[in-house]
Each structure stands twice: as C-alpha cells, then as structure tokens.
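Observations on chain architecture
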Amino acid sequence: QVQLVESGGGLVQPGGSLRLSCVASGSIFSINTMGWYRQASGNQRELVATITRGGSANYADSVKGRFTISRDNAKKMVYLQMRSLKPEDTAVYYCNAAIRSSATGYVMNYWGKGTLVTVSS
C-alpha cells in the first residue's frame with residue numbers, strides 16, 4: 001500500500017510565504033512525476049506544478065514566478081515553496097505522484113488527502 005501525506009498548510013497574510021511538503025511511503029519501487037494540485041471551494045481541481053524524477057518542472061501560469069516545486073528522491077518527498085501569496089491562492093492543496101509499486105510492479109497515480117492553505121488578512 002502506498003500513501004502520500006501532505007503538511008505545511010495554514011493561514012497566511014497576502015504577500016506571505018508557505019512551504020508545503022509531501023512524503024510518500026509504503027510499497028514503493030520508484031516514483032516518477034510528482035506534483036501539486038489545488039481545489040478552491042466550488043472549483044475543479046487544477047494543476048499547480050509538476051516535477052519529473054530528473055527535476056524538470058512545469059507550472060501553471062497563475063503561479064509562475066511565485067511558486068517553486070522541488071523534490072528529494074532519496075527521501076521520497078516533494079515540496080512546494082509558495083511566495084507572494086494572494087487570496088486567490090486559497091485552496092486545498094493535494095500532492096500527486098505516479099508510483100511503481102514494489103508489490104505489484106504496476107504504476108499507479110496516487111493522491112494525498114490535502115492540506116488547506118488560506119490567504120487572508
């Protein structure tokens with residue numbers, strides 16, 4: 001069984017910063033692309049950023065220049081450094097990863113349960 005657990009969410013003022021973390025655990029042979037998605041109240045889940053195993057990153061236009069995604073392959077972790085936060089960044093942020101199971105050999109897409117980020121004064 002594979003789990004993704006996010007941490008680091010909370011309340012921050014506009015213009016502030018937060019760093020989200022996500023750790024993968026369980027029967028993991030390898031982790032391919034990892035990423036962050038978010039879902040604001042009443043909206044669909046949307047891509048924030050993804051990063052390949054080799055470190056190539058992709059960002060949504062709305063966060064380019066403000067957010068930075070990174071990962072530590074040895075620790076099975078992915079991070080999202082968020083700066084210059086805006087009220088419209090308020091959402092539940094979900095960690096996502098494509099993981100090859102050491103038990104089955106299959107690659108499956110996994111999601112964390114999410115962490116809430118609220119940007120408000």
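Whatever comes next refers back to the structure up there.
What counts and what doesn't
Residues numbered from 1 in each chain as written. Predicted model: local features only at pLDDT ≥ 70, side-chain atom pairs only at ≥ 80, totals over all residues. Heavy atoms only, no water. Helix = DSSP H or I, 4+ residues; strand = E, 2+ residues; numbered from the N terminus. Phe/Tyr/Trp six-rings, centres within 6.5 Å; stacked < 30°, edge-to-face > 60°. Lys NZ or Arg CZ within 6 Å of the ring centre and 35° of its normal. Contact = heavy atoms within 4.5 Å. Polar contact = N/O pair within 3.5 Å; in protein donor to acceptor, adjacent residues only side chain to side chain. Pairing = 2+ DSSP bridges. Axes fitted to C-alpha atoms, helices over the stretch in contact; angles between N-to-C directions.

With phi around 60 degrees, K76 is a residue other than glycine that occupies positive phi space. Take K76: it is sitting in the loop between β7 (67-72) and β8 (77-82). You will see that S84, though not glycine, has its phi angle at about 50 degrees, which is positive. Here S84 is to be found in the loop between β8 and β9 (91-101).

On inspection of all chains with the given rule, the structure shows one aromatic pair. With centroids separated by 5.0 Å and ring planes inclined at 65 degrees, the aromatic side chains of Y37 and W111 adopt a geometry described as edge-to-face. Of the two residues, Y37 is situated in strand β4 (residues 28-39) and W111 in strand β10 (residues 107-111); the sequence distance between them amounts to 74 residues. Taking NZ or CZ as reference, R19 lies 4.1 Å from the ring centre of Y79, over its face. Directly above the aromatic system of Y94 lies the positively charged group of R45, at a separation of 3.7 Å from the ring centroid.

Looking now at the environment of R71. Of note, R71 is situated in strand β7. Taking the C-alpha atoms as reference points, R71 and P14, 57 residues apart in sequence, are found 26 Å from one another. Apart from residues no more than four positions distant in its own chain, R71 is found in contact with I31, N32, T33, M34, I51, T52, R53, M77, V78 and Y79. In terms of polar contacts, R71 uses its side chain to reach the backbone carbonyl oxygen of N32, at 2.7 Å. Polar side-chain contacts of R71 include one of 3.2 Å to the backbone oxygen of T52.

All right, on to the sheet that holds strand β1 (residues 2-7) then. Taken together, four strands build an open sheet; the order of strands is β1-β3-β8-β7 and the sheet is antiparallel. Looking at the sheet topology across the chains shown, the edges are occupied by β1 and β7. Across the sheet, the mean angle from the axis of one strand to that of its neighbour is 15 degrees, orientation sign disregarded. The pairing of strand β3 (residues 18-26) with β8 spans six bridges and is classified as antiparallel. For L20, the partnering residue across the bridge sits in β8 and is L80.

The pairing of β4 with strand β5 (residues 46-51) spans five bridges and is antiparallel. Counted as the bridge partner of G35 is T50 from β5. Turn length for the β4-β5 hairpin, with the two strands adjacent in sequence and antiparallel, is six residues, and the turn residue G42 shows positive phi of about 85 degrees. Adjacent in sequence and paired antiparallel, β5 and strand β6 (residues 57-59) are bridged by five residues, among which G55 carries a positive phi angle near 100 degrees.

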